[in-house]
Amino acid sequence: MLIEVVFPLPFRKSFTYLVPKELELAAKFGVRVLAPFGKRYITGFIIGQPETTQDLVKIKQIIDIIDSIPLFSKSGFSFYQWMSEYYLSSLGEALKLSAPYGTDVESKRKIIPDKTLCGKLFIDDKKKDSVRSKILAVLSLSDEISFSSLQKEVKKKNIYSILNSLQKDDAITILDEIENVKIKIKTAKFVKLSKTIAEVYTYLPEIEHRSSKQVKILLELLSSKIKDFPVNELLKKTETSQSSIRSLEEKGFITVYEKEIERRHNDNYNEKYVEFTLSSDQNAAIEAVSGDIINGKCQTYLLHGITGSGKTQVYIELIKLALSCKKTALLLVPEISLTPQMTSRLYNNFGETVSVIHSRMSLGERFDSWRKILNGKSKVVIGARSALFAPLKNLGIIVVDEEHDSSYKQFESAPKYNARDSAIILGNFSECPVLLGSATPSLESMYNAQTKKYLLLELPKRIDNATLPEISLVNISVERKKKKMDNVFSKILLDKIEDRLNKKEGIIILQNRRGFSTQIYCEDCSEIETCDNCSVPMIYHINKNIIECHYCGLIKKVPNACTNCGSLSIKYFGTGTERVEDELSFYFPSAVIKRIDSDNISKKNPLGKFLFEFGKGNIDILVGTQMVSKGLDFPRLTLVGVISAETTLWLPDYRADERTFQLLTQVAGRAGRSSVKGEVIIQTQNENNFTLQKVLQNDYSGFYDKELTQRQNTGYPPFSRLCLIESREAREENAKGAIIDFHKELINYKKWLTISDPTSAVIARLKGQFRFHILIKSFKSKDPGSAIMRKAILDSFVEFNRKSRFKDVKLILDVDPQSIF
């Protein structure tokens, strides 16, 4: 039996393998296999059988089959094929998304050096700058080292020939070890009675005469309503030991057995179930989508509902309908900040059929959620972008909440997909409707709705007679001249906070930067303390007394003097959430203040716990980054303060105005979601800015019209598709050489595409690697499906690999980038 296998590697082809006789029945389409690849063993996916017969002598055998159930169906496979083609990744890289992290099997190559011999060879080597000499220097100090670690140490990928030579000289031994999966099914020991209650009571006097501890165990089992009693819990409750359990098992009174236990994520957040009376607008939206759920028709809808208009309840009612039709439902949210409240409401309505998937869960929790979905026990899945790949069968509806959010874009590994756009394609393959929801839809989605590609549904009013909050812009430059600023707070905002605290109402303060100070500046040499690996300033964190790079994670001690000139005249500028929290604690010492950002949210400080306490009134003020701007719904929240509107407005990106409008409108919408009027104070240095004025007027249409005209004039989406080509290398000349060589091939397609000249990225160096960019625009009027752009990039890539001396430099292809810096 021959099979075609693809691997999660950047190779755009499949490989043929032979299946041993004993594995043939398990070798199904869609399961993973462990197979030899080059000099190692890695996990791949079976995607079919070869069409032609081949010479079996040259074909390698697979080692094992990992899955008992296929991870994807034929239609699911078509979805992953589309994803790999559209986002210019390999099929294997796309299929890797279907498997939970930590379940792959692969071999790791380890090097065991003879340190004495390696040291002698290093001393004898006359070319100390050579790669061989650098390798010997590292090996002479190592007991064992992995291939990848050695490659990083010597900053060279191609070290295989040197290592083979050293192995022949008996200087090293190379071992191939197959590593076990990082995560497995969790089991625990349970115990139950093996005899009837009457039989146990008959023997109790005899057992008590010999062991009172055994009697304790039996009495606990007799009185317990739990059929399957966990052994650890039983021992703790009865204060007995394993020897008593073993003795009772040997006598036949109890049975001890292993049982799978589910690891469940706890958000530490609960809401009471509330019956809602739907508004006429909500009913109209539900009715519009219902027919497509029942009939299994693919259609994309854009639900444009102002903040507090009841979009979540529309989602819940449509999910109810899907379940009543014996179908499943997928609800995507952009960030984990939205999951505690939304998950609680889904559990209230759908109970144990709900599964959650997001990055804050442990590997075990995610694995158990995934298995529960794969086995058909979960019918409703909620999660961030990775939940898109949950193995749901018979999808009835896909909901993408806050569809405008950039968090739906995968920024790190290939394929760099957008979960919102991919969800629409998944709906197409699954023959189900897709509902995109937002108070501030992206320009692309609203344009698609206005051009009838999507159907537009609207919720123009808040529910429960709540009104939109009153928004005020405060010019801090003017306030500072009037001496009405206290550090980062205007007197106006401080007075409003004091008023709400006196009324026991909730307050949110937004500052979309982490840390305490965002720059450390020397007054003498004018240098800013920057990261050793990245061309960005280091951020001062007062709580840990460190400076940190928020891009590569480098941590250093706080400098006592300028690291450039040694001057003591260093100043701390910029404001992060830690400083806001610190100043609020000074102004309002009796207030309970909690900070919500990625530095402060952990297993020890779960987000759900903070939100639950805030909802109950045990926390007065939440200070946070954009995490506090999305989807939170608290009737007691009446004041929102924004420390600086310019945080996102001044970014060098064509989406900066749109992102600022969305962020400020969203955070403003958290206030006044009850009969109590809400208020929003936005501090700015320019209250006449067009974007801020549209936030003030709550005028989405006015903002959309002007921004759309500007995009059309400059040739940006929705009128074009973009692809950002990036070269990355530790040596600047190599990164630059690679992007120039790629541009030489790409320029052959300038008749159909707009291609920028190679330029250094705005953040020129990141994680120790220099970055250069080419931006490609493919206008929809010339290239509606972007087929020309994809062909141009792939053909240029082939020629680049054939001709360029910089072909080893990493090129990153980002289709539909969310930012271009």
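Everything in this summary refers to the structure shown in the same document.

Reading guide: rules and limits
Residues numbered from 1 in each chain as written. Predicted model: local features only at pLDDT ≥ 70, side-chain atom pairs only at ≥ 80, totals over all residues. Heavy atoms only, no water. Helix = DSSP H or I, 4+ residues; strand = E, 2+ residues; numbered from the N terminus. Rg over C-alpha atoms; globule rule 2.2 N^0.38 Å. Buried < 20%, exposed > 50% of the residue type's maximum accessible area, 1.4 Å probe, protein only. Contact = heavy atoms within 4.5 Å. Expected span 1.5 Å × (residues − 1). Polar contact = N/O pair within 3.5 Å; in protein donor to acceptor, adjacent residues only side chain to side chain. Axes fitted to C-alpha atoms, helices over the stretch in contact; angles between N-to-C directions. Left-handed = near helix turned anticlockwise from the far one by under 90°. Nonpolar A, V, L, I, M, F, W, Y, C, P; charged D, E, K, R; others polar. 1 Å grid on protein atoms, 1.4 Å probe; cavity = no way out; pocket = protein on both sides within 12 Å on 5 of 7 lines; lining within 4 Å. Points joined across faces, edges and corners; volume = space filled by probe spheres on them. Pairing = 2+ DSSP bridges.

## Describing the overall build of the protein chain
For step 1, the next point in the chain: Each helix and strand in the protein chain was counted, giving 26 helices and 36 strands.
For step 2, the next point in the chain: Against the 2.2 N^0.38 benchmark of 28 Å for 821 residues, the protein chain shows a C-alpha radius of gyration of 30 Å, consistent with a compact globule.
For step 3, the next point in the chain: Projecting the C-alpha coordinates of the protein chain onto the three principal axes gives extents of approximately 85 × 80 × 65 Å.
For step 4, the next point in the chain: Each of the 821 residues in the protein chain was classed as buried or not, and the buried ones make up 53%.
For step 5, the next point in the chain: Taking the contacts inside the protein chain whose residues are at least 6 apart along the sequence as the reference set, 75% of them involve residues at least 24 apart.

## As for the side chain of Ser407
For step 1, the next point in the chain: Mapped onto the elements of the fold, Ser407 is located in the loop between strand E16 (395-401) and helix H15 (419-430).
For step 2, the next point in the chain: The buried category is assigned to Ser407, whose relative accessible area is 15%.
For step 3, the next point in the chain: Not counting residues within four places of it along the chain, the set of residues in contact with Ser407 comprises Pro334, Glu335, Arg385 and Lys630.

## What to know about H15
For step 1, the next point in the chain: When the terminal C-alpha atoms of H15 are compared, their 15 Å separation across twelve residues agrees well with the 16 Å that a helix rising 1.5 Å per residue should span.
For step 2, the next point in the chain: For H15, the full list of buried residues reads Ala419, Arg420, Ser422, Ala423, Ile424, Ile425, Leu426 and Gly427.
For step 3, the next point in the chain: Considering only its buried residues, H15 is in contact with helix H1 (74-86), strand E12 (300-305), strand E13 (328-332), E16, strand E17 (434-438) and helix H16 (443-450).
For step 4, the next point in the chain: If you check the start of H15, you find a side-chain oxygen 2.9 Å away from the backbone N of Arg420, and it comes from Asn418.
For step 5, the next point in the chain: Looking at the residues trailing H15, positive phi occurs at Glu431, about 55°.

## Quick word on the packing of helix H3 (residues 115-124) against helix H4 (residues 131-139)
For step 1, the next point in the chain: With their axes 8 Å apart at the nearest point, H3 and H4 run at an angle of 145° to one another. Viewed along their axes, H3 and H4 form a crossing whose handedness is left-handed. Between H3, through Lys115, Cys118, Leu121 and Phe122, and H4, the contact on the second element is made entirely by Arg132, Ser133, Leu136, Ala137 and Leu139.
For step 2, the next point in the chain: Tallied by class, residues from the contact of H3 with H4 come to six nonpolar, one polar and two charged.

## Details of the layout of surface pockets
For step 1, the next point in the chain: Space inside the second largest pocket adds up to approximately 1000 Å³.
For step 2, the next point in the chain: If you go around the second largest pocket, you meet 45 residues; those closest to its centre are Glu271, Phe276, Gln341, Arg345 and Asp633.
For step 3, the next point in the chain: The set of elements that each furnish at least two residues to the lining of the second largest pocket consists of helix H12 (311-324), helix H13 (339-350) and helix H20 (607-616).
For step 4, the next point in the chain: Counting residues per element, the lining of the second largest pocket draws most heavily on H12, at seven residues.
For step 5, the next point in the chain: Grouping the constituent residues of the lining of the second largest pocket by class yields 16 nonpolar, 13 polar and 16 charged.

## Section: the pairing of strand E1 (residues 2-6)
Every other side chain in a regular strand lies on the same face of the sheet, so the side chains alternate between the two faces.
For step 1, the next point in the chain: Counted residue by residue, E1 has five buried out of five residues, so it is predominantly covered.
For step 2, the next point in the chain: Alternating residues of E1 divide into Leu2, Glu4 and Val6 and Ile3 and Val5, and every residue in both groups is buried.
For step 3, the next point in the chain: Relative to strand E2 (residues 15-18), E1 runs antiparallel, the two being bridged by four bridges. If you follow Ile3 over to E2, its bridge partner there is Tyr17.

## A word on empty space enclosed by the protein
For step 1, the next point in the chain: For the coordinates displayed, the defined rule picks out three cavities of 30 Å³ or more.
For step 2, the next point in the chain: Of the voids in this model, the largest cavity is the one considered here, and its volume is about 100 Å³.
For step 3, the next point in the chain: Lining the largest cavity are 15 residues, and of these His404, Arg420, Ser442, Arg655 and Gln818 sit closest to its centre.
For step 4, the next point in the chain: A total of three residues in the lining of the largest cavity trace back to one element, the largest contributor, which is helix H22 (residues 656-668).
For step 5, the next point in the chain: When the residues that make up the lining of the largest cavity are grouped by side-chain class, the tally is one nonpolar, six polar and eight charged.
For step 6, the next point in the chain: There is about 80 Å³ of room inside the second largest cavity.
For step 7, the next point in the chain: In terms of lining, the second largest cavity is formed by Glu262, Arg263, Arg264, His265, Tyr347, Val354, Ser355, Val356, Met361, Ser369 and Lys372.
For step 8, the next point in the chain: Those elements that provide at least two residues to the lining of the second largest cavity are strand E14 (354-357) and helix H14 (363-374).
For step 9, the next point in the chain: The element contributing the most residues to the lining of the second largest cavity is E14, with three residues.
For step 10, the next point in the chain: Of the residues assigned to the lining of the second largest cavity, the class counts are four nonpolar, three polar and four charged.

## As for the sheet that holds strand E24 (residues 539-541)
For step 1, the next point in the chain: The strand order across the open sheet formed by three strands is E24-E25-E26, and the pairing between neighbours is antiparallel. This sheet does not close on itself; its edge strands, each paired only once, are E24 and strand E26 (555-557). Going across the sheet, the axis of each strand differs from the next one's by a mean of 35°, ignoring polarity.
For step 2, the next point in the chain: By the bridge criterion, three bridges tie E24 to strand E25 (residues 546-548) in an arrangement that is antiparallel. In the sheet register, His541 faces E25, and the bridge partner there is Ile546.

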